[in-house]
Amino acid sequence: MKMKKSFASDNWSGTCPEIMTALADANKGHAEAYGELDDVFTARAKQKFIENFGEDIDVFFVYNGTAANVLGVSHLINSYHAIVAARSAHLNEDECGAPEKFIGCKLLELESTDGKIQVRQIKPLLKSIGFQHHAQPKVISISQVTEMGTVYSIDEIKELADFAHSNSMFLHVDGARIANAAVSLNADFKSMITDTGVDVLSFGGTKNGLMFGEAVVFLNKGLAVDFEYRRKQGMQLHSKMRFIAAQFERYLTDDLWRENASRANLLAKHLEEEMNKIPQLEVSQDVNANGVFVYLPEAIIEKVREKYFFHVWNESPQGKDGMKEVRLMCSWDTTKDDVAGLGNEIKEALGNC
Ligand SMILES: Cc1ncc(COP(=O)(O)O)c(C=O)c1O
(Lines give C-alpha, C1' and ligand atoms only; values in the text may rest on other atoms or scores of the structure.)
Protein backbone atom coordinates (compact mmCIF):
# COMPACT_ATOMS: atom_id res chain seq x y z
CA MET A 1 0.00 0.00 0.00
CA LYS A 2 1.44 3.37 -0.96
CA MET A 3 1.91 5.80 1.91
CA LYS A 4 -0.25 8.91 1.71
CA LYS A 5 0.75 11.89 3.80
CA SER A 6 3.00 11.36 6.73
CA PHE A 7 2.43 12.59 10.27
CA ALA A 8 5.94 11.50 11.27
CA SER A 9 7.54 14.92 11.48
CA ASP A 10 7.28 18.37 10.02
CA ASN A 11 10.53 17.77 8.16
CA TRP A 12 8.91 15.05 6.07
CA SER A 13 7.14 17.79 4.14
CA GLY A 14 8.74 19.47 1.17
CA THR A 15 9.87 23.04 0.65
CA CYS A 16 7.10 25.62 0.47
CA PRO A 17 6.59 27.32 -2.91
CA GLU A 18 7.68 30.79 -1.76
CA ILE A 19 11.01 29.40 -0.58
CA MET A 20 11.47 27.47 -3.84
CA THR A 21 11.01 30.76 -5.69
CA ALA A 22 13.51 32.50 -3.42
CA LEU A 23 16.03 29.73 -4.09
CA ALA A 24 15.50 30.01 -7.84
CA ASP A 25 15.87 33.79 -7.68
CA ALA A 26 19.11 33.43 -5.73
CA ASN A 27 20.40 31.00 -8.33
CA LYS A 28 21.44 33.71 -10.74
CA GLY A 29 25.00 34.75 -11.41
CA HIS A 30 27.70 34.67 -8.78
CA ALA A 31 27.73 35.71 -5.13
CA GLU A 32 30.56 35.73 -2.61
CA ALA A 33 30.94 32.31 -1.08
CA TYR A 34 30.63 31.66 2.68
CA GLY A 35 28.56 34.83 3.18
CA GLU A 36 31.86 36.70 3.21
CA LEU A 37 32.18 40.45 2.63
CA ASP A 38 28.56 40.17 3.56
CA ASP A 39 27.22 39.03 0.22
CA VAL A 40 23.93 40.80 -0.40
CA PHE A 41 21.81 37.76 0.40
CA THR A 42 23.46 37.22 3.78
CA ALA A 43 23.40 40.93 4.60
CA ARG A 44 19.69 41.19 3.82
CA ALA A 45 18.82 38.04 5.76
CA LYS A 46 20.78 39.26 8.80
CA GLN A 47 18.90 42.54 8.61
CA LYS A 48 15.62 40.60 8.79
CA PHE A 49 16.82 38.93 11.98
CA ILE A 50 17.70 42.33 13.43
CA GLU A 51 14.20 43.58 12.58
CA ASN A 52 12.68 40.58 14.35
CA PHE A 53 14.96 40.30 17.39
CA GLY A 54 16.45 43.76 17.93
CA GLU A 55 19.67 45.64 17.22
CA ASP A 56 22.00 43.98 19.73
CA ILE A 57 21.95 40.51 18.19
CA ASP A 58 24.29 38.50 16.03
CA VAL A 59 23.19 35.69 13.74
CA PHE A 60 25.05 32.84 12.06
CA PHE A 61 23.54 30.45 9.55
CA VAL A 62 24.22 26.76 9.83
CA TYR A 63 22.99 23.73 8.01
CA ASN A 64 21.02 21.79 10.60
CA GLY A 65 19.41 21.99 14.00
CA THR A 66 21.78 19.65 15.81
CA ALA A 67 24.66 21.90 14.83
CA ALA A 68 22.77 25.02 15.87
CA ASN A 69 22.21 23.53 19.32
CA VAL A 70 25.67 22.09 19.82
CA LEU A 71 27.66 25.01 18.42
CA GLY A 72 25.47 27.64 20.06
CA VAL A 73 25.73 26.07 23.50
CA SER A 74 29.40 25.19 23.11
CA HIS A 75 30.20 28.87 22.64
CA LEU A 76 28.98 29.57 26.17
CA ILE A 77 30.72 26.86 28.15
CA ASN A 78 33.77 24.73 28.85
CA SER A 79 33.96 20.97 29.11
CA TYR A 80 33.88 21.14 32.92
CA HIS A 81 30.45 22.77 32.76
CA ALA A 82 27.11 20.99 32.57
CA ILE A 83 23.98 21.60 30.51
CA VAL A 84 20.66 21.24 32.31
CA ALA A 85 17.83 19.99 30.07
CA ALA A 86 14.73 17.84 30.05
CA ARG A 87 15.43 14.17 29.56
CA SER A 88 13.29 14.33 26.41
CA ALA A 89 15.25 17.29 24.96
CA HIS A 90 16.49 16.77 21.43
CA LEU A 91 19.93 17.85 22.67
CA ASN A 92 19.87 15.02 25.19
CA GLU A 93 18.10 12.19 23.38
CA ASP A 94 18.30 12.75 19.65
CA GLU A 95 21.71 14.16 18.84
CA CYS A 96 23.65 10.92 19.09
CA GLY A 97 25.82 12.26 21.88
CA ALA A 98 27.00 15.22 19.76
CA PRO A 99 27.02 17.58 22.78
CA GLU A 100 29.07 15.07 24.75
CA LYS A 101 31.48 14.59 21.83
CA PHE A 102 31.86 18.15 20.60
CA ILE A 103 31.48 20.06 23.86
CA GLY A 104 32.78 17.24 25.99
CA CYS A 105 30.54 18.25 28.86
CA LYS A 106 27.99 16.57 31.08
CA LEU A 107 24.25 16.80 30.52
CA LEU A 108 22.08 16.90 33.62
CA GLU A 109 18.70 15.56 32.59
CA LEU A 110 15.47 16.41 34.37
CA GLU A 111 12.31 14.34 34.26
CA SER A 112 9.31 15.99 32.67
CA THR A 113 6.06 14.53 31.42
CA ASP A 114 5.07 17.58 29.38
CA GLY A 115 8.56 18.36 28.06
CA LYS A 116 8.99 21.50 30.17
CA ILE A 117 11.46 22.00 32.99
CA GLN A 118 10.85 24.12 36.06
CA VAL A 119 13.06 26.33 38.20
CA ARG A 120 12.22 24.21 41.26
CA GLN A 121 13.78 21.18 39.54
CA ILE A 122 16.98 23.07 38.76
CA LYS A 123 17.47 24.59 42.22
CA PRO A 124 18.88 21.40 43.82
CA LEU A 125 21.60 21.32 41.14
CA LEU A 126 22.99 24.62 42.40
CA LYS A 127 24.66 22.79 45.28
CA SER A 128 27.32 21.71 42.75
CA ILE A 129 28.34 25.27 42.00
CA GLY A 130 31.76 25.96 43.45
CA PHE A 131 32.30 22.30 44.40
CA GLN A 132 35.33 21.26 42.39
CA HIS A 133 34.36 17.58 42.19
CA HIS A 134 31.15 18.29 40.28
CA ALA A 135 30.54 19.49 36.74
CA GLN A 136 29.37 23.10 37.00
CA PRO A 137 25.81 23.77 35.79
CA LYS A 138 26.22 26.59 33.28
CA VAL A 139 23.49 26.40 30.64
CA ILE A 140 19.80 25.72 31.00
CA SER A 141 18.51 24.47 27.66
CA ILE A 142 14.80 24.40 26.88
CA SER A 143 12.94 23.58 23.69
CA GLN A 144 10.27 25.93 22.44
CA VAL A 145 8.07 24.11 21.21
CA THR A 146 8.99 21.21 23.54
CA GLU A 147 9.46 17.66 22.32
CA MET A 148 6.03 16.90 23.83
CA GLY A 149 4.28 19.55 21.75
CA THR A 150 3.81 21.97 24.63
CA VAL A 151 4.80 25.64 24.68
CA TYR A 152 6.43 27.66 27.48
CA SER A 153 4.59 30.89 28.26
CA ILE A 154 6.53 34.14 28.05
CA ASP A 155 6.49 34.35 31.85
CA GLU A 156 7.89 30.84 32.17
CA ILE A 157 10.78 31.67 29.82
CA LYS A 158 11.48 34.87 31.71
CA GLU A 159 11.48 33.02 35.02
CA LEU A 160 14.05 30.53 33.69
CA ALA A 161 16.20 33.31 32.22
CA ASP A 162 16.13 35.32 35.44
CA PHE A 163 16.98 32.24 37.45
CA ALA A 164 19.85 31.37 35.09
CA HIS A 165 21.31 34.86 35.23
CA SER A 166 21.02 35.22 38.96
CA ASN A 167 23.09 32.04 39.24
CA SER A 168 25.70 32.94 36.60
CA MET A 169 24.15 30.61 34.05
CA PHE A 170 22.86 31.08 30.50
CA LEU A 171 19.53 30.19 28.90
CA HIS A 172 19.58 28.44 25.54
CA VAL A 173 16.42 27.84 23.54
CA ASP A 174 16.20 25.06 20.98
CA GLY A 175 13.80 26.75 18.59
CA ALA A 176 13.53 24.12 15.89
CA ARG A 177 9.80 24.98 16.04
CA ILE A 178 10.05 28.54 17.28
CA ALA A 179 7.60 29.81 14.65
CA ASN A 180 4.92 27.39 15.85
CA ALA A 181 5.49 28.60 19.41
CA ALA A 182 5.21 32.26 18.42
CA VAL A 183 1.93 31.57 16.65
CA SER A 184 0.69 29.58 19.63
CA LEU A 185 1.42 32.47 22.01
CA ASN A 186 0.34 35.09 19.49
CA ALA A 187 3.67 36.72 20.19
CA ASP A 188 6.52 38.08 18.11
CA PHE A 189 10.06 36.73 18.38
CA LYS A 190 11.34 39.78 20.23
CA SER A 191 8.86 39.58 23.08
CA MET A 192 9.22 35.81 23.41
CA ILE A 193 13.01 35.58 23.12
CA THR A 194 14.92 38.87 23.31
CA ASP A 195 12.83 40.58 25.96
CA THR A 196 12.61 37.52 28.21
CA GLY A 197 16.42 37.36 28.47
CA VAL A 198 17.29 34.31 26.36
CA ASP A 199 21.03 34.23 25.64
CA VAL A 200 21.24 32.03 22.58
CA LEU A 201 18.57 30.64 20.30
CA SER A 202 18.66 27.88 17.71
CA PHE A 203 16.26 29.34 15.19
CA GLY A 204 14.63 26.67 13.07
CA GLY A 205 13.61 26.91 9.44
CA THR A 206 13.61 23.41 7.99
CA LYS A 207 10.54 22.26 9.91
CA ASN A 208 8.44 25.15 8.68
CA GLY A 209 8.98 25.28 4.93
CA LEU A 210 12.69 25.76 4.27
CA MET A 211 14.64 23.26 2.22
CA PHE A 212 17.53 23.45 4.69
CA GLY A 213 19.01 25.96 7.06
CA GLU A 214 18.90 26.99 10.69
CA ALA A 215 20.40 29.95 12.52
CA VAL A 216 22.28 30.49 15.75
CA VAL A 217 21.06 33.78 17.19
CA PHE A 218 22.96 35.42 20.04
CA LEU A 219 20.66 37.88 21.76
CA ASN A 220 23.64 39.79 23.04
CA LYS A 221 26.39 40.54 20.52
CA GLY A 222 29.05 40.25 23.19
CA LEU A 223 28.37 36.51 23.51
CA ALA A 224 28.93 35.95 19.80
CA VAL A 225 32.56 37.09 19.64
CA ASP A 226 34.64 34.64 17.55
CA PHE A 227 31.66 32.40 16.82
CA GLU A 228 32.58 32.40 13.11
CA TYR A 229 35.71 30.38 13.94
CA ARG A 230 33.73 27.90 16.00
CA ARG A 231 31.26 27.46 13.16
CA LYS A 232 34.02 26.82 10.66
CA GLN A 233 35.86 24.45 12.98
CA GLY A 234 32.52 22.81 13.63
CA MET A 235 32.20 22.13 9.87
CA GLN A 236 29.03 24.16 9.50
CA LEU A 237 30.19 27.07 7.36
CA HIS A 238 28.09 26.59 4.27
CA SER A 239 30.04 27.50 1.17
CA LYS A 240 27.09 28.59 -1.00
CA MET A 241 25.78 30.60 1.89
CA ARG A 242 23.46 32.65 -0.28
CA PHE A 243 21.09 29.68 -0.49
CA ILE A 244 20.53 29.57 3.27
CA ALA A 245 20.40 33.34 3.49
CA ALA A 246 17.94 33.77 0.62
CA GLN A 247 15.58 31.29 2.26
CA PHE A 248 15.68 33.13 5.59
CA GLU A 249 15.22 36.49 3.93
CA ARG A 250 12.04 35.27 2.29
CA TYR A 251 10.92 33.36 5.38
CA LEU A 252 11.04 36.54 7.45
CA THR A 253 9.31 38.66 4.79
CA ASP A 254 5.54 39.19 4.67
CA ASP A 255 5.14 36.90 7.70
CA LEU A 256 5.70 33.74 5.66
CA TRP A 257 6.92 32.02 8.83
CA ARG A 258 3.69 32.93 10.58
CA GLU A 259 1.51 31.81 7.69
CA ASN A 260 3.17 28.38 7.48
CA ALA A 261 3.19 27.82 11.23
CA SER A 262 -0.40 29.00 11.62
CA ARG A 263 -1.55 26.45 9.08
CA ALA A 264 0.33 23.64 10.84
CA ASN A 265 -0.97 24.66 14.27
CA LEU A 266 -4.53 25.00 13.03
CA LEU A 267 -4.46 21.56 11.48
CA ALA A 268 -3.08 20.11 14.71
CA LYS A 269 -6.06 21.55 16.59
CA HIS A 270 -8.34 20.03 13.98
CA LEU A 271 -6.53 16.70 14.31
CA GLU A 272 -6.95 16.84 18.09
CA GLU A 273 -10.70 17.35 17.66
CA GLU A 274 -10.90 14.40 15.28
CA MET A 275 -8.92 12.17 17.65
CA ASN A 276 -11.17 13.17 20.54
CA LYS A 277 -14.19 11.97 18.56
CA ILE A 278 -12.83 8.39 18.58
CA PRO A 279 -13.76 6.96 22.00
CA GLN A 280 -10.99 4.34 22.12
CA LEU A 281 -8.25 7.01 21.88
CA GLU A 282 -6.88 9.50 24.34
CA VAL A 283 -4.99 12.69 23.55
CA SER A 284 -2.10 12.62 26.00
CA GLN A 285 -0.62 16.15 25.92
CA ASP A 286 -1.96 19.66 25.59
CA VAL A 287 -1.99 20.57 21.92
CA ASN A 288 -0.26 23.95 21.98
CA ALA A 289 1.40 23.94 18.57
CA ASN A 290 1.67 21.52 15.65
CA GLY A 291 2.09 18.19 17.40
CA VAL A 292 -0.65 15.91 18.69
CA PHE A 293 0.26 13.13 21.12
CA VAL A 294 -2.22 10.29 21.35
CA TYR A 295 -2.51 6.96 23.13
CA LEU A 296 -3.25 4.33 20.47
CA PRO A 297 -3.89 0.61 20.93
CA GLU A 298 -0.73 -1.23 19.92
CA ALA A 299 -2.68 -3.64 17.71
CA ILE A 300 -3.56 -0.97 15.15
CA ILE A 301 -0.30 0.96 14.97
CA GLU A 302 1.44 -0.99 12.18
CA LYS A 303 -1.71 -1.11 10.05
CA VAL A 304 -2.32 2.64 10.22
CA ARG A 305 1.36 3.40 9.64
CA GLU A 306 1.27 1.62 6.28
CA LYS A 307 -0.66 4.58 4.91
CA TYR A 308 0.06 7.40 7.33
CA PHE A 309 3.43 7.01 8.96
CA PHE A 310 4.05 8.38 12.46
CA HIS A 311 6.45 7.68 15.30
CA VAL A 312 5.72 5.82 18.52
CA TRP A 313 6.92 8.32 21.13
CA ASN A 314 6.73 6.16 24.19
CA GLU A 315 7.16 2.41 23.87
CA SER A 316 6.12 1.65 27.43
CA PRO A 317 2.42 0.88 27.74
CA GLN A 318 0.54 3.90 29.06
CA GLY A 319 -2.86 5.50 29.24
CA LYS A 320 -6.01 3.49 29.56
CA ASP A 321 -5.67 -0.20 28.65
CA GLY A 322 -1.89 0.08 28.33
CA MET A 323 -1.81 1.84 24.98
CA LYS A 324 1.25 3.38 23.34
CA GLU A 325 1.84 7.09 23.05
CA VAL A 326 2.39 8.20 19.46
CA ARG A 327 3.28 11.58 18.01
CA LEU A 328 1.33 13.01 15.08
CA MET A 329 2.98 16.06 13.55
CA CYS A 330 1.30 18.54 11.23
CA SER A 331 3.35 20.65 8.87
CA TRP A 332 2.81 23.67 6.64
CA ASP A 333 1.29 21.45 3.94
CA THR A 334 -1.02 19.24 6.05
CA THR A 335 -4.62 19.45 4.87
CA LYS A 336 -8.05 18.68 6.32
CA ASP A 337 -8.22 15.77 3.87
CA ASP A 338 -5.03 14.32 5.34
CA VAL A 339 -6.52 14.54 8.81
CA ALA A 340 -9.79 12.96 7.66
CA GLY A 341 -7.85 10.20 5.90
CA LEU A 342 -5.86 9.40 9.03
CA GLY A 343 -9.02 9.45 11.17
CA ASN A 344 -10.75 7.01 8.79
CA GLU A 345 -7.75 4.73 8.71
CA ILE A 346 -7.68 4.60 12.52
CA LYS A 347 -11.43 3.93 12.74
CA GLU A 348 -11.18 1.17 10.15
CA ALA A 349 -8.25 -0.44 11.95
CA LEU A 350 -10.09 -0.25 15.28
CA GLY A 351 -13.15 -1.91 13.73
CA ASN A 352 -11.02 -4.80 12.57
CA CYS A 353 -9.13 -5.49 15.75
C1 LIG B 1 13.32 19.87 19.01
C2 LIG B 1 14.32 19.66 17.90
N3 LIG B 1 15.48 20.29 17.96
C4 LIG B 1 16.40 20.20 16.99
C5 LIG B 1 16.16 19.42 15.89
C6 LIG B 1 17.20 19.47 14.82
O7 LIG B 1 17.46 18.43 14.10
P8 LIG B 1 18.32 18.29 12.78
O9 LIG B 1 19.74 18.22 13.20
O10 LIG B 1 17.80 17.03 12.24
O11 LIG B 1 18.09 19.46 11.87
C12 LIG B 1 14.98 18.69 15.78
C13 LIG B 1 14.70 17.78 14.66
O14 LIG B 1 14.04 16.79 14.75
C15 LIG B 1 14.02 18.82 16.83
O16 LIG B 1 12.84 18.18 16.79
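This structure is a prediction, so every number in the text was calculated from the model and none was measured.

Engineer: Account for the environment of methionine 235, with residues named and values stated.
Structural biologist: Positionally, methionine 235 belongs in the loop between helix H10 (227-233) and helix H11 (242-251). Along the primary structure methionine 235 and leucine 160 are separated by 75 residues, whereas in three dimensions their C-alpha atoms are 31 Å apart.

Engineer: An account of the sheet that holds strand E11 (residues 323-329) is requested, with residue identities and associated values reported.
Structural biologist: With antiparallel pairing, the 4 strands of this open sheet are ordered in space as E8-E9-E11-E10. Only two strands of the sheet have a single partner each, and these edge strands are strand E8 (282-283) and strand E10 (311-318). The pairing of E8 with strand E9 (residues 291-296) spans 2 bridges and is antiparallel. The partner of glutamate 282 across the bridge, within E9, is tyrosine 295.

Engineer: Describe the side chain of histidine 270, with residues and values.
Structural biologist: Tracing the chain through its elements places histidine 270 in helix H12 (residues 256-276). Residue classification places histidine 270 among the buried positions, given a relative accessible area of 17%. Setting aside its immediate chain neighbours within four residues, histidine 270 contacts Lys336 and Val339.

Engineer: If you had to explain helix H8 (residues 178-185) to someone new, which residues and values would you point to?
Structural biologist: When you tally the buried positions in H8, you get 6 out of 8 residues, the bulk of the element. Of all the residues in H8, the buried ones are Ile178, Ala179, Asn180, Ala181, Ala182 and Val183. Tucked inside the fold, the buried residues of H8 contact strand E5 (170-175), helix H9 (189-194), strand E6 (200-203), H11 and H12. Once H8 finishes, asparagine 186 follows within two positions and takes phi at roughly 50°, a positive value.

Engineer: Let's hear about the site of the ligand: which residues, and what values?
Structural biologist: Every residue close to the ligand is listed here: Asn64, Gly65, Thr66, Asn69, His90, Glu147, Asp174, Ala176, Arg177 and Lys207. Separating a nitrogen atom of the ligand from a side-chain N or O atom of aspartate 174 is a distance of 2.6 Å. In the environment of the ligand, an oxygen atom lies 3.2 Å from a nitrogen or oxygen atom belonging to the side chain of arginine 177.

Engineer: Can you break down the packing of helix H2 (residues 40-53) against H11 residue by residue, with the values?
Structural biologist: Close contact between H2 and H11 brings their axes to 8 Å; oriented N to C, the two are set at 40°. In the crossing of H2 with H11, the sense of the turn from one axis to the other is left-handed. In this structure, H2 uses Phe41, Thr42, Arg44, Ala45, Lys48 and Phe49 to contact H11, whose residues at the interface are Arg242, Ala245, Ala246, Phe248 and Glu249. Split into classes, the residues belonging to the contact of H2 with H11 amount to 6 nonpolar, 1 polar and 4 charged.

Engineer: Break down the pattern of salt bridges for me, citing the residues and quoting the values.
Structural biologist: Tallying each qualifying case throughout the model produces 18 salt bridges. Lysine 5 serves as the salt-bridge partner of aspartate 338, at 2.8 Å between the closest nitrogen and oxygen. Taken as a pair, aspartate 338 in helix H14 (residues 336-351) and lysine 5 in the segment before helix H1 (17-26) lie far apart in primary sequence, 333 residues in all. In this structure aspartate 338 comes out as buried when scored by relative accessible area, which is 11%. Taking the relative accessible area as the measure of exposure, lysine 5 reaches 28% and is therefore partly exposed.

Engineer: For the pairing of strand E4 (residues 136-143), give the residues involved together with the corresponding values.
Structural biologist: Regular strands place their side chains on alternate faces of the sheet. Of all 8 residues making up E4, 8 are buried, and the element is well covered by its neighbours. Here strand E2 (residues 81-86) runs beside E4; their pairing, made up of 5 bridges, is parallel. Within E4, the residue paired with histidine 81 across the bridge is glutamine 136. One ladder, built from 5 bridges, connects E4 with E5; its direction is parallel. By the bridge assignment, valine 139 is partnered in E5 with phenylalanine 170. Following the chain from E4 across helix H7 (residues 154-166) to the adjacent parallel E5, one finds a crossover that is right-handed.

Engineer: Lay out the domain arrangement of the protein with the relevant residues and their values.
Structural biologist: Examined at the domain level, the protein breaks down into domain 1 (31-251) and domain 2 (256-351). Computed over C-alpha atoms, the centres of domain 1 and domain 2 are 28 Å apart. Across the boundary between the two partners, domain 1 contributes 21 residues, which contact 19 residues of domain 2. Surface buried jointly by domain 1 and domain 2 totals about 1700 Å² across both partners, of which 54% is contributed by carbon and sulfur atoms. The interface formed by domain 1 and domain 2 includes 0 salt bridges. In this structure, the connection of domain 1 to domain 2 is made through 9 residue pairs in polar contact (both at pLDDT 80 or more). At the level of secondary structure, the elements contributing two or more residues to the side of domain 1 that touches domain 2 comprise H8 and H11.

Conventions we followed
- Residues numbered from 1 in each chain as written.
- Predicted model: local features only at pLDDT ≥ 70, side-chain atom pairs only at ≥ 80, totals over all residues.
- Heavy atoms only, no water.
- Helix = DSSP H or I, 4+ residues; strand = E, 2+ residues; numbered from the N terminus.
- Pairing = 2+ DSSP bridges.
- Buried < 20%, exposed > 50% of the residue type's maximum accessible area, 1.4 Å probe, protein only.
- Contact = heavy atoms within 4.5 Å.
- Near = heavy atom within 4 Å.
- Polar contact = N/O pair within 3.5 Å; in protein donor to acceptor, adjacent residues only side chain to side chain.
- Axes fitted to C-alpha atoms, helices over the stretch in contact; angles between N-to-C directions.
- Left-handed = near helix turned anticlockwise from the far one by under 90°.
- Nonpolar A, V, L, I, M, F, W, Y, C, P; charged D, E, K, R; others polar.
- Salt bridge = Lys/Arg side-chain N within 4 Å of Asp/Glu carboxyl O.
- Right-handed = clockwise from strand over helix to strand, strands pointing away.
- Domains from an automatic or database assignment.
- Buried area = accessible area lost by both parts, 1.4 Å probe.

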